Amino acid sequence: MKCRRCGKQAEVELRSHHAAFCRDCFFIFFRRQVERAIKRWRMFKPQDRILVAISGGKDSLSLWDILLNMGYKATGLYIDLKIDGFSEKAKEKVEKFAQERKSDLIIVDLEKEGIPIPKIIHYSGKEPCSICGQIKRYYFNRMAYEKNFHVLATGHNLDDETTRLLANILRWQMTYLIDQAPVLPPIYRFVKKVKPLYRLGEYEIAAYAFLKNIDYFAYRCPFSKGATFLKYKEYIAYIEYKFPGTKLDFYEGFLKKLRPLLQPLQRQSANTFHICPECGYPTLAPQCSICRLKAEMKK
Ligand SMILES: [Zn+2]
Ligand SMILES: [Zn+2]
């Protein structure tokens, strides 16, 4: 197979784009997808300080890598969840990545915050991924706000976004659909949030990380076993396998056709939050769920 751009021997076949590329041309393709996302959604400017949420997996480290390569001021943020045999190893990879690239890294230790994930899961009995996601989002936002970053970037990819879109549509979760976009604007103490990898799928990012020799943490969290979104992700992957290109059409179609219709609802929902009396961050309940958890854990 030949590279679509230069005609050399291809190394990566992208069925979704009906194309194949050699290593160098694949990097150009990858970078263009990211540039296109940043530009079209006005995610950030060259001088902006960007906080990148880093798990240690292929998506977040690839995002950090490409933003640094593109010359952006990108600082990493790692939340140490304190999951045995998992968090420590992921953290080592993240620290090594930051050292090699002489990049700034912020670490939040959930043990010190009084809410290590295993303890919280044991205590709350809720679905682990949903409560863990809630805690992570809280600290991503809080760190970005307190340390004066212009924007918080996450490594969500096309598979994550289409999986979420499918799940939201299947249950017509309007409040979640309203918030689904590659960019969320800043409101009060919610910083602006962006997803520069939203046009790239799992496979493309895995290929990028592999060809760039990014030493990432490849294991899934032990608590995520059996999570619903993993099932939906498999279905999306199956549809994409049968009909290459569907994933990107599905998501871009949503952004173009349905999202504009939901915009008026977004403005309404912005008026419904309270301010947490403990931490001062916006919440839907009288006290934010993180401060409530912390208080309960102290008892
Ligand atoms: Zn080429
Ligand atoms: Zn609070």
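Now for a description of the structure that goes with this document. Owing to the predicted nature of the structure, the values given are computational and were not obtained by experimental measurement. Per chain, residues are indexed from 1 in the order of the written sequence. As a convention, the first chain written is A and the first ligand written is 1, with the rest following in written order. Confidence filtering applies because this is a predicted model: local features only for residues at pLDDT of at least 70, side-chain atom pairs given and counted only at 80 or more, and all residues used for totals across whole chains, interfaces and linings. Heavy atoms throughout the structure, all of them, feed into the side-chain values; hydrogens and water do not.

## Comments concerning the overall build of the chain
In DSSP terms, a helix is any run of H or I states spanning at least four residues, a strand is any run of E spanning at least two, and both are numbered starting from the N terminus. Tallying secondary structure elements over the chain gives eleven helices and ten strands in all. In terms of C-alpha radius of gyration, the chain reaches 19 Å, essentially the compact-globule figure of 19 Å for 299 residues. Each residue is assigned to one of three classes by its accessible area relative to the maximum for its type, calculated with a 1.4 Å probe on protein chains only: buried under 20%, partly exposed between the two thresholds, exposed over 50%. Put simply, the chain has 299 residues, and 49% of those count as buried. Considering only residue pairs separated by 6 or more positions, the chain has 69% of its internal contacts joining residues 24 or more positions apart. Using a 1.4 Å probe, accessible areas were evaluated by the Shrake-Rupley method; residue-level cover was limited to the displayed protein chains. Total accessible area on the chain is roughly 15900 Å²; 53% of this is exposed by carbon and sulfur atoms. Within these notes, the globule rule equals 2.2 Å times the number of residues to the 0.38 power, and the radius of gyration is based on C-alpha atoms. By the convention used here, residues are in contact when the closest approach between their heavy atoms is within 4.5 Å.

## With respect to the coordination of the zinc ion (ligand 2)
Ligating atoms shown are N, O and S within 2.8 Å of the metal, or 3.2 Å for Na, K and Ca, and water is not included, meaning a site may look less than complete. Binding of the zinc ion (ligand 2) to the protein goes through Cys276 (SG), Cys279 (SG), Cys288 (SG) and Cys291 (SG), at separations of 2.2 to 2.3 Å. Considering all four donor atoms around the zinc ion (ligand 2), angles at the metal cover 104 to 113 degrees and the coordination shape is tetrahedral. Spacing between the donor residues of the zinc ion (ligand 2) along their common chain follows C-x2-C-x8-C-x2-C. You can see Cys276 sitting in the loop between β9 (274–275) and β10 (282–283) and its partner Cys291 sitting in helix α11 (residues 289–298), a full 15 residues away along the chain. Like Cys276, the residue Cys291 is buried in the burial classification. In this scheme the shape depends on donor count and angles: four donors with every angle between 85 and 135 degrees give tetrahedral, four or six donors with opposite pairs above 155 degrees and others between 65 and 115 give square planar or octahedral in turn, and any other case is irregular.

## Observations concerning a nonpolar patch on the surface
Patch criteria: residues need more than 30% relative accessible area and no salt bridge. Like-charged residues are merged within 9 Å; nonpolar side chains of Val, Leu, Ile, Met, Phe, Trp and Tyr are merged within 5 Å. Here a salt bridge means any side-chain nitrogen of Lys or Arg lying within 4 Å of a carboxyl oxygen belonging to Asp or Glu. Judged by side-chain polarity, Tyr238, Ile239, Tyr241 and Phe243 come together as a nonpolar surface patch covering roughly 480 Å² of accessible area. By the secondary structure assignment, Tyr238 is in helix α9 (residues 228–242).

## A closer look at the pairing of strand β4 (residues 73–80)
For β4, the tally of buried residues reaches seven of eight residues, placing the bulk of the element in the interior. A pair of strands counts as paired when DSSP detects no fewer than two bridges linking them. Note: strand β3 (residues 49–54) against β4, six bridges, orientation parallel. For Ile54, the partnering residue across the bridge sits in β4 and is Tyr78. By convention a crossover is right-handed if, when the strands point away from the viewer, the path from the first strand over the helix to the second runs clockwise. At this point the chain moves from β3, through helix α2 (residues 58–69), to the parallel β4, and the crossover so formed is right-handed. Note: β4 against strand β5 (residues 105–109), five bridges, orientation parallel. Its bridge partner lying in β5, Leu77 is registered against Ile106. Read from β4 through helix α3 (residues 87–100) to β5, the crossover connection turns out right-handed.

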